[in-house]
Amino acid sequence: MTRLEPLLAEHPFCRDLAPGQISRLAACARERQFAADEFLVREGEEIREFFLVRSGRVALEIFTARRGPLLIQTREAGDFLGWLGLEPHALWVVDARALELTRVIVLPLECLNQLLEEDPILGYQLLKRFTQGLARHFASMKRQVVNLLHGL
Amino acid sequence: MATGPEPSLRLTLEEFAAFLADLRRLGFTLLGPTLVQGDFVHREIAGVADLPRGVGMVQEAGTFRLVPREDGALFGYPVGQHSWKPVFFPPERLLWTGRRTGRGWEIRLPPEDREPVALLGVRPCDLAALEVLDRIFLHGPYVDPYYQAQRNTALVVAVNCTVPGGTCFCASLGTGPRAAAGFDVALTEMLTGDGHWFLAEAGSERGRRLLAELPGRPARPEEEAAASQALAQAAGHMGRSLETAGLKEDLYARYEHRHWAEVAARCLTCGNCAMVCPTCFCHLVEDSLNLTGDRAERRRIQDVCFTVAHSYIHGGSVRSTPRARYRQWLTHKLATWQDQFGCLGCVGCGRCITWCPVGIDLTAEVTALRLPETPGPAGPEEHHDQAGASAG
Amino acid sequence: MLPVLLPVVKRRRETGDTVTLTLDPGPEGFGFAPGQFNMLTVLGLGEVPISISGDPGDRSRLVHTIRAVGPVTRALCRLTPGETVGVRGPYGTPWPVAGQTGRDILIIAGGLGLAPLRPALYQILARRREFGAVEVIYGARRPEDLLYREELSRWRGRFDVRVHVTVDAAGADWRGPVGVVTTLISHARFDPPHTTAFICGPGVMMRFTVGDLLARGVPEEYIFVSLERNMQCGLGLCGHCQLGPLFVCKDGPVFSYARVKEWLTLREI
């Protein structure tokens, strides 16, 4: 059992995955740590990694010339950041910046996508979790839009 | 060192004084360096007596001090904070006035009666600065009529620098310490066993005619050689240097270099550097109205890119951080200026280094920017899984 | 350069904070190219750069659409017919309409960005046969922020132009699309390698629109944007409008994306 498996197993994104599935993910995974104000990704870069946030906080932002970065949402401990199932060479449309010391597990898409192609059962499990997370993020964003644009 | 087709003149101190008197007699308003309460200011002078005699300077980053000289030199110092830019590009200028009459508004240019000026003591770096300003105000698609009128009539008496300053770097930019062109007369002050004298060279037809009227005798070859040697020695004792090869490309590639944050931590964004720079040309355009609302004025006023307002468009400023603003000033002066005007914006006068209250030295900042960037504490830390990290 | 004083002959409120002023340039008329701007003066108060938003084919009228965002623009928006405005110009580089013969044209506007694009559309429609598809894509914050609504309807009524309009947010009486401007690009019909896009709007909107078009295969030298910076002289002399080595008032405001992309991807430049 390698060092990353318990970290993956305890993350909500991987809850109830079988030990064998966790091991296969661990083979792609590595840990990374971002200091406060360090960028995980920048707008316009190719989407090459999928992040599981273990601790800390990440801001999703769009930079404007006159007002600097405008913060849209955050990703907290237990959340994920990134996309599964997109077309190749898709680009980030936001910056992701660590607001405090943030520890993540990084799953490079090159490895992860190959794993999911070979193991569609695991692939379906991850896509389900991803879609459920997207739904949560989207629901929040819709309510944010209503609050902001209609002055609630 | 090649001189003009005519030999240079050797002028005694008295003959130099007579030269100044000639200029005034010809109707020029004579402007020269004067010392006013410890400040070097370019003002109208009546003659040699108004020049600061036996004065030297100590200049370093954030440091300016006057020191006495035993030799009674009239030009025994490099440049003070004043350049000659204000003569042609005044820090404040009325552009037009509007008068509201019964028929509506009428806009008029201000009356321009100006006496031609003669500039005494233009150092080679400041001469180079005027040529830079010419590219901006004379050779672009829009010509500034005030600048043009002043430039066409002004007489330039350059003074070569035998005493370099601690922050000077004209030699590495090729802008000094000897004036090559752009002057009517160039003087080199010499204090030798032979006395206090000047080597005078003509740089224009007007200069030749002026020198032809003077009583001084042609300089001997050994006198020309002595002057050349003094200037060569000055070139070898510059306080600073700046490598210009590849400068634009180096800066264009380093807009996100970590060093900008380091300078920003020191920079007060006070704008002193831009205010003493002989080539900075940013200006505000401001309209005003009198109390009774029947007279409007538009003025052009010196501005600096260090203010937050400089890059303001409704909604906010594009360069809101000190880091962005210092970077704008430096990259404009040394890099983008080259694409805009075909020359470097900097002339190596060193004023920005001397007059920065925290002693920021753009030659040192360029050196730091050109160092390879090494990953530091802000770099990402990666913890690799020892047992089975695979590239997938 | 002295401003010329021209009288306001018509004032039209477009939206809550935007007014279109029509000026009479006098017997000599006023010629300009689409995308150019004038420096407009309120005597004694100040001078601001405002895009010309009228028909370049009509020299007898000078039209500006102005949004009130500061003291000078607020004063301009309060002017009534008979009052005078100081005018200097025209300045700046235009939308290169003439060079796009044979190409499909996308006019993509966000908010007030439709104002500097309208003259280009007028010019295109005046020589409609020279171009392929012509598609107008326009997004504003809300329905009440849409400019030139009657003209939009007229353009939509033509059979040789397609008009797509969206808003960021709307109430119940809006039946059109809701979403950012880029969501409409997939509704437009154009042949990317043979398409020219003219884009104007807030910086973020232009950025994402350019990205979308590039991803679809529109060449970067055929994507044109109109940039905005602090402009005080209009002559490239006051130094405020610099974007790297470019003076937006003189080298722009219209640029091909190919020319400005390096400078636009840098921040706080």
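Keep in mind the model is a prediction, meaning the values are calculated, not measured. (Residues numbered from 1 in each chain as written. Chains lettered and ligands numbered in written order. Predicted model: local features only at pLDDT ≥ 70, side-chain atom pairs only at ≥ 80, totals over all residues. Heavy atoms only, no water.)

Peer 1: I keep staring at the overall build of chain B and nothing clicks. Help me out?
Peer 2: The secondary structure content of chain B amounts to 13 helices and 17 strands. Taking the principal axes of its C-alpha atoms as reference, chain B extends roughly 90 × 70 × 40 Å. Contacts spanning at least 24 positions in sequence make up 71% of the contacts within chain B whose residues lie at least 6 apart. Put simply, chain B shows about 16900 Å² of open surface, and 53% of that area lies on carbon and sulfur atoms. Within chain B, the 45 negative side-chain charges are centred at a point lying 5 Å from the centre of the 39 positive side-chain charges. (Helix = DSSP H or I, 4+ residues; strand = E, 2+ residues; numbered from the N terminus. Contact = heavy atoms within 4.5 Å. Areas by Shrake-Rupley, 256 points an atom, 1.4 Å probe, with all protein chains shown as cover. Lys, Arg positive; Asp, Glu negative; His and termini not counted. Charge placed at Lys NZ, Arg CZ, Asp CG, Glu CD.)

Peer 1: What is the right way to look at the state of the cysteines in this model?
Peer 2: What we call a disulfide is simply a covalent bond connecting the sulfur atoms of a pair of cysteines. Residues and elements named next belong to chain A. Scanning the model with the defined rule gives one disulfide over all chains in all. Covalent S-S linkage joins Cys28 and Cys111, the inter-sulfur distance amounting to 1.8 Å. Disulfide Cys28-Cys111: torsion about the S-S bond near -80°, hence left-handed. With a gap of 83 residues between them, Cys28 in helix α2 (residues 19-28) and Cys111 in helix α3 (residues 109-118) connect regions that are remote in the sequence. (Disulfide = S-S within 2.5 Å.)

Peer 1: Please clarify how the pattern of salt bridges should be interpreted in this entry.
Peer 2: Two side chains bearing opposite charge may form a pair once their charged atoms approach each other closely. Scanning all chains against the criterion turns up 55 salt bridges over all chains. Its salt-bridge partner being Glu10 of chain A, residue Arg54 of chain A comes within 3.2 Å of it at the nearest N-O pair. Here Glu10 of chain A lies in helix α1 (residues 4-10) and Arg54 of chain A lies in strand β3 (residues 49-55), a separation of 44 residues in the sequence. With its nearest N and O atoms 3.0 Å apart, the salt bridge here joins Glu223 of chain B to Arg10 of chain B. Of the two residues, Glu223 of chain B sits in helix α7 (residues 221-235) while Arg10 of chain B sits in strand β1 (residues 9-12), which places them 213 residues apart along the sequence. Among the charged side chains, a network of salt bridges with common partners joins Arg10, Asp194, Arg217, Arg220 and Glu223 of chain B. (Salt bridge = Lys/Arg side-chain N within 4 Å of Asp/Glu carboxyl O.)

Peer 1: How should I be thinking about the sheet that holds strand β7 (residues 104-108) of chain B in this particular structure?
Peer 2: Through backbone hydrogen bonds, the strands of a sheet pair up, either in parallel or in antiparallel fashion. Residues and elements named next belong to chain B. Read from one edge of the open sheet, four strands run β7-β6-β14-β13, paired in antiparallel fashion. Where the open sheet ends on each side, the last strands, each with one partner, are β7 and β13 (283-289). For this sheet, the mean inter-axis angle between neighbouring strands, taken without regard to orientation, is 20°. In terms of strand pairing, β13 meets strand β14 (residues 295-302) through seven bridges, oriented antiparallel. Counted as the bridge partner of Val285 is Arg300 from β14. (Pairing = 2+ DSSP bridges. Axes fitted to C-alpha atoms, helices over the stretch in contact; angles between N-to-C directions.)

Peer 1: Would you mind going over the pairing of β3 of chain A with me for this structure?
Peer 2: Side-chain direction in a regular strand flips from residue to residue, so the side chains alternate between the two faces of the sheet. All names here are of chain A. Within β3, five of the seven residues are buried, which leaves it mostly tucked inside the rest of the structure. Pairing of β3 with strand β8 (residues 102-108) involves six bridges; the strand directions are antiparallel. Bridge pairing links Ser55 to Arg103 in β8. Two strands pair when backbone bridges link them, and β3 and strand β6 (residues 80-81) are joined in this way by two bridges, in the antiparallel orientation. Across the sheet, Leu52 pairs through a bridge with Phe80, a residue of β6. (Buried < 20%, exposed > 50% of the residue type's maximum accessible area, 1.4 Å probe, protein only.)

Peer 1: I keep staring at the interface of chain C and chain B and nothing clicks. Help me out?
Peer 2: When the parts come together, some accessible area is lost, and that loss is often what is quoted as the size of the interface. Facing the 36 residues of chain C at the interface are 42 residues of chain B. Buried surface at the junction of chain C and chain B, summed over both partners, amounts to about 3300 Å²; 60% is from carbon and sulfur atoms. For the chain C face of the interface with chain B, the top three residues by lost area are Leu43, Leu237 and Glu268 of chain C, together amounting to 22%. Our enumeration of links across chain C and chain B arrives at one salt bridge. Here Arg298 of chain B ties to Glu47 of chain C by a salt bridge, and the two come within 3.0 Å at their closest N and O atoms. Counting residues per element, the ones that place at least two in the side of chain C that touches chain B are β3 (37-42), β4 (46-51), β6 (84-91) and β13 (246-247) of chain C. The element contributing the most residues to the side of chain C that touches chain B is β6 of chain C, with three residues. Residues belonging to the side of chain C that touches chain B are distributed by class as follows: 18 nonpolar, 10 polar and eight charged. (Buried area = accessible area lost by both parts, 1.4 Å probe. Nonpolar A, V, L, I, M, F, W, Y, C, P; charged D, E, K, R; others polar.)

Peer 1: Please explain helix α4 (residues 203-216) of chain C as it appears in this structure.
Peer 2: Note on helix geometry: an α-helix contains 3.6 residues per turn, so any two residues three or four positions apart are oriented the same way. Residues and elements named next belong to chain C. Taking 1.5 Å of rise per residue, 14 residues should cover 20 Å, and α4 covers 20 Å from first to last C-alpha, within 8% of that figure. Where α4 is concerned, the buried positions are Met205, Met206, Thr209, Val210, Asp212 and Leu213. Projected down its long axis, α4 carries its buried residues within an arc of 165°, all on one side. The inward-facing, buried residues of α4 abut β7 (104-110), β10 (195-200), β11 (223-226) and α5 (257-265). Positive phi appears at Gly217, one or two residues downstream of α4, with a value of about 100°. (Expected span 1.5 Å × (residues − 1). Arc of directions from axis to C-beta.)

Peer 1: How should a nonpolar patch on the surface be read in this particular structure?
Peer 2: On the surface, Phe138, Met141 and Val145 of chain A cluster together to form a nonpolar patch covering roughly 250 Å² of accessible area. Position of Met141 of chain A relative to the elements: it lies in helix α4 (residues 120-149). (Patch = residues over 30% accessible without salt bridge, like charges linked within 9 Å, V, L, I, M, F, W, Y side chains within 5 Å.)

Peer 1: Looking at this structure, I do not really get unusual backbone geometry. What am I missing?
Peer 2: Among all residues except glycine, the phi angle is most often negative; among peptide bonds, the trans geometry is most common. Gly176 of chain B connects to Pro177 of chain B through a cis peptide bond whose omega is 0°. Tracing the sequence through the fold places Pro177 of chain B in the loop between α5 (170-173) and β10 (185-192). The peptide bond linking Gly89 of chain C to Pro90 of chain C adopts the cis configuration, its omega dihedral lying at 5°. Relative to the elements of secondary structure, Pro90 of chain C occurs in strand β6. With phi around 60°, Glu268 of chain C is a residue other than glycine that occupies positive phi space.

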